Amino acid sequence: MSIREKIQEFVVEWDEEGLKNYCQRLLKNKEAKASELLKDIGAVMKFIGDQFEKEEIFLPELIGSAEVVKATIDDILDPAIRAAGEKKKSMGKVVIGTVESDVHSIGKDLVGSFLFSNGFEVYNLGVEVTADQFISKAEEVGADVIGLSSLLTMSMDFQKQVIEELKKRGLREKYKVIVGGAPTTEEWADQIGADAWADDSIEAVHKIKELLNKK
Amino acid sequence: MKLKKLEVFSKDELEVIHSASITLLSEVGIKIDAQDTRDLLKANGARVDDNTYFVKFPESMVMENLKTVPDSFRLHGPDGSFSFEVNTSTTQFATIGTPVKIYDPKKEKGVRKSVMNDTIEQIKIVDSLENIVCSHVDVWPNDISYITIHAECIYQWVKNTKKPYGLGCLGRLASQDMMNMASIIVGGEEELIKRPRFIGFMNPTSPLHLPILMTNGFAIFTKYKQPTIIAPEAIAGSSAPVTLAGLLVQTNAEIIGSAVLSQILNPGAPIFFGTVSHVTDMRSGNSAMGSVEMGLITAGIAQLARFYNIPSRGPGAGTDSKVLDLQNGYERLQTLMLAAQAGINYITCAGTYEATLVEALELLVIDDDLVGMVKRTMDGISVDEDTIGLDVIKRVATSQKKGVNFLAESHTRKYMKSELYIPRLSDRSRRSTWQKKGSKDIIERAREKVNEILKLHQPNKLDNIMEDQLLKYMKEVQSRTFDDYKKAEGLMVDGITLPDGIEIRNNQK
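Residues numbered from 1 in each chain as written. Chains lettered and ligands numbered in written order. Predicted model: local features only at pLDDT ≥ 70, side-chain atom pairs only at ≥ 80, totals over all residues.

**Student:** Which parts of the structure should I look at to understand the overall build of chain A?
**Tutor:** What chain A contains, in helices and strands, is 9 helices and 5 strands. Ordered by position from N to C terminus, the α and β elements of chain A give α-α-α-α-β-α-β-α-β-α-β-α-β-α. The C-alpha atoms of chain A give 18 Å as radius of gyration, which agrees with the globular expectation for 215 residues (17 Å, within 12%). Seen through its principal axes, chain A has C-alpha atoms that stretch 55 × 40 × 30 Å. Looking at the 215 residues of chain A, the share that counts as buried comes to 47%. For chain A, the share of sequence-separated contacts (at least 6 apart) that also reach a separation of at least 24 residues comes to 72%. (Helix = DSSP H or I, 4+ residues; strand = E, 2+ residues; numbered from the N terminus. Rg over C-alpha atoms; globule rule 2.2 N^0.38 Å. Buried ≥ 20, exposed ≤ 12 C-beta atoms within 10 Å, placed from the backbone. Contact = placed C-beta atoms within 7 Å.)

The following block contains the structure:
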C-alpha cells in the first residue's frame, strides 16, 4: 500500500490518532518529507471532495475527513515544515467568520471545510466577529480573502461595516471580500461593495478561486 | 416504533362488514358465466341457479376454503436470481395499470400511443430501480397484434429483466401460453410451480360477476400456483353503492367468493386480496382514481385482508391528472402514502397517470424515489439509548471548540443513512447551485435519470436452445386466428371491452 493509500484509509475512517502517528513515524524515519505528506493529503482531500460533488458520499463524511486532516496538519505537519525551513504552498489564505451580532456558524463552517478540502489555508474566527477582529487577523496572517457570513437580515448590515472599516484603514484594495448567508443576494453584495457573493458553500469555493485568479 | 397502521374500521365494524358480505354471498351469490366453474362450485357445496348463472356460497363453504389460502409466498425473476416475498406484514411496490399512451412532450397533446419499444423500456427501467420490484404488461404495445401480445411481452421480459412479471389472466388459451413459455424459460413446469414467476390479474366485474374469460384464465394460473391478484374495480356510485361501506361489503364478497374458487381449483394456490376500487366523479361520471376516497377504500381492503390473513394488493400513485402537474404530484403521493400507511402488502401503479391510462417513464423513476420516502415514513422513529444520543448532545453543546456542530460526529455518520432518506431526484440546493445545474425541474431531472438507465442497461444473455424454443412457440401463437381464441374460450358473453378499446362481440349467445 502506498503512503497516499494508507493516508486515505485513515482519513476515510476518521482515525485522527492513526493518521497523526503514521505521519510522525514517516517523518521520524525520514521516509517522507512533511511537504510530500502535505501533497499526498491534498490529493486525498481532492479525491474525497470529488466523491462529495458526485454525491457518492455526504456532508458528514466530507467534514469529518477534513477535521482529521486539519488536526494532523496543525499538530504534526505545519510544525515539521517550519522546523525544516520549508515553505508551505497553498491555494491561498482565507479569513472567515460570522459577523457581529450573529451566532450562526454552520454555513460558514461548511465554507471553511470546503475551502480547506480544496487546498486553502483557512482561518475560521467563529461567530460574532467584529470588523477589527477580521482585519487584524487578515493583516496578521497575510490573507488573500476575507469571507463574511450572516444568517439574519438584522446582522447583514455588519458585513457592510467590515468593508467600510477596510476603506477607512486604506486596506480595501489589499483584500478580496466575499459575502454570503441565507438572506444575502448578489444585489446586496454589489450594494455594499463586496467583490463576490456566494449562495452556498460549494459556490463559495468556486467564487474564491475566481477572485484569486483575477488577482 | 414503526408507524401504526391506519385503520378505517373498529373491530366491531370489521365483523359487520364481513357478516354482510357473507349474507351477500349466501343469499345473492356471484354470477359466474362459465358452466364448468359453476359445476365445480356446485360439487363443492354451492347452490347454483343455471338459469341466472348465480352461484350462492354458504358460510361454511366460504370459511372452510379460506383456511388454505397462503399468508405468504415468494416471487422470482426469470433466472431466479432476484426474488421477493409477499406476506401479510411487509410492503412491496410495483407497477400495474392499463396505459395505452405514453408521455411525449414533443407531441402537441403531450402524449402518443405507446408501442413495443416503450413496453421494453419500462421493463428495463423497473429492472434498474431499487424500490419497484415487479413490472407487468402495463405499457400497452399498440403496434403488436392483440392475440400475440402476451407471447411477445414474455419474450421481452426474459430478455430484459431479473424481476418477476405480471399478466392479465384473460382466457385459458393465452394463460396456458404464458405457463408454457415460462416453463421453457425456467426449465420445466415443476420449477415454475415451485418458484412462481408470474402474477396474474383476475378482475371480477362489479357488481358480483365473474366473466368467462377471467375464470378460464384464473383456473390456469391457480393450477400452476402463480399468485393471482383478485382485484375488483368497483366504482362508488356507479358499479357499487356510493357509500364506501356498501362498496366494501360488495367488493369483499367478490374477493372472498373468488378466493374460495381458487382454493377449490387448487388448495394452497397463492392469491392477493386486492382492490382497484375507487369513486365516480359526480360531475362527469368519470372514475376518480386520485380521490381521497380511493385511499379510504384501499385502507378498508387492507384491514379486511388482515382480518382474513391474506396478503393485500392496492393502488398507490394514482392520479386523474392529464399532465405532469401539481395535481399529478399531490394525488400520487396522497394515494401512495395512504396505501402504505393502511398496510397494503403490494402497492401498484407506479409510473402511471390519467387513471393509469398513460405512462411516463419519468414518473416511474420519481415514484421509485417517492417509495423511498414512504418506506422511511413507515419505519417511524427508532428510540433506544444510542439513538437518543445523550453523549453526543452533551459533547457538542458543551464543546469549547469554535463552531462545533453535529455534522462531523461519528453518531451522525453512523445513523445518517438509516435516519434520513436522501432523495435522488428532489432538489434541495440553493438557487444559485440549482441555476448552475441548468435550472431543471423534477421532470427534466427524471428524464436524465431515465436516459442514463436506458444507456447503461444490459440485456440478459439467453441460452440459445431456450431462446429457439421460445421463438418456435411464438410462431405457433402468431399462426392462430382470433376465432381460435373465441373457440378455445367458449365465449358466452355479449362483449368485453379490452384495454386497447377493441371489442370482441359474440352474437351467438
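**Student:** For this particular structure, what's the right way to read the interface of chain B and chain A?
**Tutor:** Where the parts come together, the accessible area they lose is often given as the size of the interface. Between chain B and chain A, the residue contacts involve 14 residues of the former and 18 residues of the latter. Those elements giving two or more residues to the side of chain B that touches chain A turn out to be helix 15 (410-419) and helix 16 (431-436) of chain B. Tallying contributions element by element places helix 15 of chain B first for the side of chain B that touches chain A, with 4 residues. Residue classes in the side of chain B that touches chain A are distributed as 3 nonpolar, 7 polar and 4 charged. (Nonpolar A, V, L, I, M, F, W, Y, C, P; charged D, E, K, R; others polar.)

**Student:** Explanation requested: the sheet that holds strand 18 (residues 312-315) of chain B in the structure shown.
**Tutor:** Sheet strands line up and pair through hydrogen bonds in the backbone, either parallel or antiparallel. Residues and elements named next belong to chain B. Overall, parallel pairing links the 8 strands, which are arranged 6-19-18-15-13-11-10-9 in an open sheet. A strand with exactly one partner marks an edge of an open sheet, and here the two such strands are strand 6 (92-93) and strand 9 (135-136). Taken together, the 4 bridges between strand 10 (residues 165-168) and strand 11 (residues 198-202) define a ladder with parallel strand orientation. Of the residues in strand 11, the one forming a bridge with Gly-168 is Phe-201. (Pairing = 2+ DSSP bridges.)

**Student:** In this structure, what is going on with helix 2 (residues 16-28) of chain A? I would like to understand it.
**Tutor:** An α-helical turn contains 3.6 residues, so any two residues separated by three or four positions project in the same direction. Residues and elements named next belong to chain A. Between its first and last C-alpha, helix 2 extends 18 Å over 13 residues, near the 18 Å set by a 1.5 Å rise per residue. Buried within helix 2 we find Leu-19, Cys-23, Leu-26 and Leu-27. Looking straight down helix 2, one finds that the buried residues subtend no more than 100 degrees of arc, so they occupy a single side. In helix 2, the exposed residues that point more than 90 degrees away from the buried face are Glu-17, Arg-25 and Lys-28. Elements that come into contact with the buried residues of helix 2 comprise helix 1 (3-12), helix 3 (34-53) and helix 4 (59-84). Just downstream of helix 2, Lys-30 is the residue with a positive phi angle, here 55 degrees. (Expected span 1.5 Å × (residues − 1). Arc of directions from axis to C-beta.)

**Student:** Looking at this structure, I do not really get the domain arrangement of chain A. What am I missing?
**Tutor:** All names here are of chain A. Segmenting chain A into domains produces domain 1 (3-84) and domain 2 (93-214). Distance between the C-alpha centres of domain 1 and domain 2: 26 Å. Between domain 1 and domain 2, the contact holds 8 residues from the first and 5 residues from the second. When contributions to the side of domain 1 that touches domain 2 are tallied by element, the ones reaching two or more residues are helix 3 and helix 4. When the residues that make up the side of domain 1 that touches domain 2 are grouped by side-chain class, the tally is 5 nonpolar, 2 polar and 1 charged. (Domains from an automatic or database assignment.)

**Student:** I keep staring at the environment of Ala-488 of chain B and nothing clicks. Help me out?
**Tutor:** All names here are of chain B. Mapped onto the secondary structure, Ala-488 falls in helix 19 (residues 482-489). As a C-alpha pair, Ala-488 and Leu-248 span 240 residues in sequence and 34 Å in three-dimensional space. Aside from chain neighbours lying at most four places away, what touches Ala-488 is Arg-172 and Leu-173.

**Student:** Just to check I follow, could you spell out the sheet that holds strand 14 (residues 235-236) of chain B for this structure?
**Tutor:** All names here are of chain B. Judged by pairing direction, the sheet is mixed, and its 3 strands sit side by side in the order 14-16-17 without closing on themselves. Either end of the sheet is taken by a strand with one partner, and the two such strands are strand 14 and strand 17 (287-288). Sheet topology note: the strand 14/strand 16 (residues 278-280) ladder contains 2 bridges and is parallel. The residue bridging Ala-236 from the neighbouring strand is Val-279, located in strand 16. Sheet strands in contact with helix 10 (residues 292-308) are strand 14 and strand 16, and its direction is about 140 degrees off that of strand 16. (Axes fitted to C-alpha atoms, helices over the stretch in contact; angles between N-to-C directions.)

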